[in-house]
Each structure stands twice: as structure tokens, then as C-alpha cells.
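Examination of the molecular architecture
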Amino acid sequence: MLSTRFISTIRQSGCSVLKTVEKVSSNQVGGVSSVRVFSSATTTKDGSSWTTKSDIINAIAEEHDLSVAKSKRIMNSILDKIAESVVEKKSVRISGFGSFLLSERKPRNIFNIGTKAMTRLPASNNMRFRPSKIVKNNLNRK
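Worth saying up front: this structure is predicted, and the values here are computed from it rather than measured. Throughout this document, residue positions are counted from 1 along each chain, in the order its sequence is written. Thresholds applied to this predicted model are a pLDDT of at least 70 for local features of residues and 80 or more for the giving and counting of side-chain atom pairs; totals over whole chains, interfaces and linings are not thresholded and use all residues. Side-chain figures throughout are based on the complete set of non-hydrogen atoms in the structure, without hydrogens or water.

**Some points on the overall build of the protein chain**
The helix and strand inventory of the protein chain stands at 4 helices and 9 strands. Element order for the protein chain, N to C, with α for helix and β for strand: α-β-β-β-β-α-α-β-β-β-β-β-α. Note on classification: 1.4 Å probe, protein chains only; a residue is buried when its accessible area is under 20% of the maximum for its type, exposed when over 50%, partly exposed between these limits. Per-residue burial for the protein chain yields a buried fraction of 24% across its 142 residues. Here, two residues are considered to be in contact whenever any of their heavy atoms come within 4.5 Å of each other. When contacts within the protein chain are restricted to residue pairs at least 6 apart in sequence, long-range pairs at least 24 apart make up 42% of them. Under the DSSP-based scheme used, a helix requires at least four consecutive residues in state H or I and a strand at least two consecutive residues in state E, with every element numbered from the N terminus.

Written as C-alpha cells, this is what we have:
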């Protein structure tokens, strides 16, 4: 579950693109009130920006008075557990945030423009993220 404390950690880091969710009251469905976007952490040539894993690790270390190395181990452990579960064909549901699941692609034929030949692509597996209804609503709020 995404906790209010983790969210405040990210908020103080000045990270970009990461949307934060604030709990307002226990009787509100989902306990979500608003979404905020923060100043840029990393910017591309086209002007878009994103929050890096390193930004989150540094924010957690600062908020909880941990070393960056310990925060990095915690972050890597969380990401490893998510990946391991998906590899084992188990979906990972984080309440109020979303689900990580396995997406299986069937083998298919593609047309290679360069060689003008049909090529067979084998089946493959990918990890997919499906945001929760709360996150979707906040992303689409105008």
C-alpha cells in the first residue's frame, strides 16, 4: 500500500512528473484528494522531464534519516519483489496505486521496410502497469 509518509518523502525531494496523493479523511472513498506535479528533476531535449530512481532513493534517505546505500537496498528490494512476482505470473496489486502484471504477446508476422520481407517475431512476455481508478481519475483531472 502506498503510504502517506512515502508520498511526503517524494514531495520534499522536488522530483518531477511523479504525482502525489494526499489522504484527507477516513470517510472519503480511497482517501484521495489531489494530485500535484513538482519541479523538474531530469529534463530531455524536447523539454519533457521525469523522476529517476536515484531521485526517489535520495528523497527516502533524506526523509527517514537513512544512508543513501540503505535506501538504495530498500528500493532495489521492492523493485526485485515486484519483478519476481510478475515473472512467476503473479500480478502485484498496490492498493490506491495500481497493478503490475504479465502481458503475453503472441508470435506474429511483421513487414521489414528495409528488406521488404516478412519476418516472424516469436512470442514474448512484457510487464505491464495498470493504474488504479484513483490514479486514473487524478491523471485525467483538468
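On we go from here.
**Side note on the sheet that holds strand S5 (residues 92-94)**
Here, a strand pair is defined by DSSP locating no fewer than two bridges between the strands. The strand order S5-S6-S9 describes an open sheet built from 3 strands, whose pairing is antiparallel. Two strands lie at the open edges of the sheet, namely S5 and strand S9 (124-131), each paired on one side alone. With strand direction ignored, the average angle separating the axes of adjacent strands in the sheet is 25°. Of the pairings in the sheet, the one linking S5 to strand S6 (residues 98-105) comprises 3 bridges and is antiparallel in character. Among the inter-strand pairings, Ile94 is bridged to a residue of S6, identified as Gly98. Where helices are involved, their axes are fitted lines through C-alpha atoms of the stretch in contact, as for all axes, and angles between N-to-C directions lie from 0 to 180°.

**What to know about a nonpolar patch on the surface**
Exposure above 30% relative accessible area and no salt bridge define the residues that can form patches, which grow by joining like charges within 9 Å and nonpolar side chains of Val, Leu, Ile, Met, Phe, Trp and Tyr within 5 Å. Accessible areas in this description were obtained via Shrake-Rupley with a 1.4 Å probe; residue shielding takes into account the shown protein chains only. The salt bridge criterion pairs a side-chain nitrogen of Lys or Arg with a carboxyl oxygen of Asp or Glu, the two atoms within 4 Å. Among the surface-exposed residues, Ile74, Ile78 and Leu79 lie close enough to one another that they form a single nonpolar patch of about 240 Å² accessible area. For Ile74, the location among the structural elements is in helix H3 (residues 68-87).

**Some points on the packing of helix H2 (residues 53-63) against H3**
Relative to each other, H2 and H3 sit at 125°, their axes nearing to 8 Å. The angle between H2 and H3 falls in the class oblique. With respect to the hand of their crossing, H2 and H3 are arranged in right-handed fashion. Here Lys53, Ile56, Ile57, Asn58, Ile60 and Ala61 of H2 lie close against H3, whose contacting residues are Val68, Ser71, Lys72, Met75, Asn76 and Leu79. Residue polarity is assigned by list, with Asp, Glu, Lys and Arg as charged and Ala, Val, Leu, Ile, Met, Phe, Trp, Tyr, Cys and Pro as nonpolar; anything else, Gly included, falls into the polar class. In terms of residue class, the contact of H2 with H3 is built from 7 nonpolar, 3 polar and 2 charged. In what follows, roughly perpendicular refers to angles from 65 to 115 degrees, roughly parallel to angles under 35, roughly antiparallel to angles over 145, and oblique to any angle outside these ranges. The handedness criterion is simple: a crossing whose near helix is rotated anticlockwise from the far helix by less than a right angle is left-handed, and one whose near helix is rotated clockwise is right-handed.

**So, the packing of aromatic side chains**
A pair of Phe, Tyr and Trp rings is counted when the ring centres sit within 6.5 Å of each other, with Trp represented by its six-membered ring. The angle between the planes then sorts it: under 30 degrees is stacked, over 60 is edge-to-face, the rest tilted. Tallied over the full model, the rule gives 2 aromatic pairs. Ring geometry for Phe97 and Phe129: centres 5.3 Å apart, planes at 50°, overall tilted. Here the residue Phe97 occupies a position in the loop between S5 and S6, and Phe129 occupies one in strand S9, the gap between them amounting to 32 residues. A relative accessible area of 30% means that Phe97 is categorised as partly exposed. Measuring from ring centre to ring centre gives 5.0 Å for Phe100 and Phe129, while their planes differ by 50°; the resulting arrangement is tilted. Placement of the pair is Phe100 in strand S6 and Phe129 in strand S9, with a sequence separation of 29 residues. According to the relative accessible area criterion, Phe100 is buried, its value standing at 16%. Of the aromatic side chains, those joined through ring pairs into one cluster are Phe97, Phe100 and Phe129.

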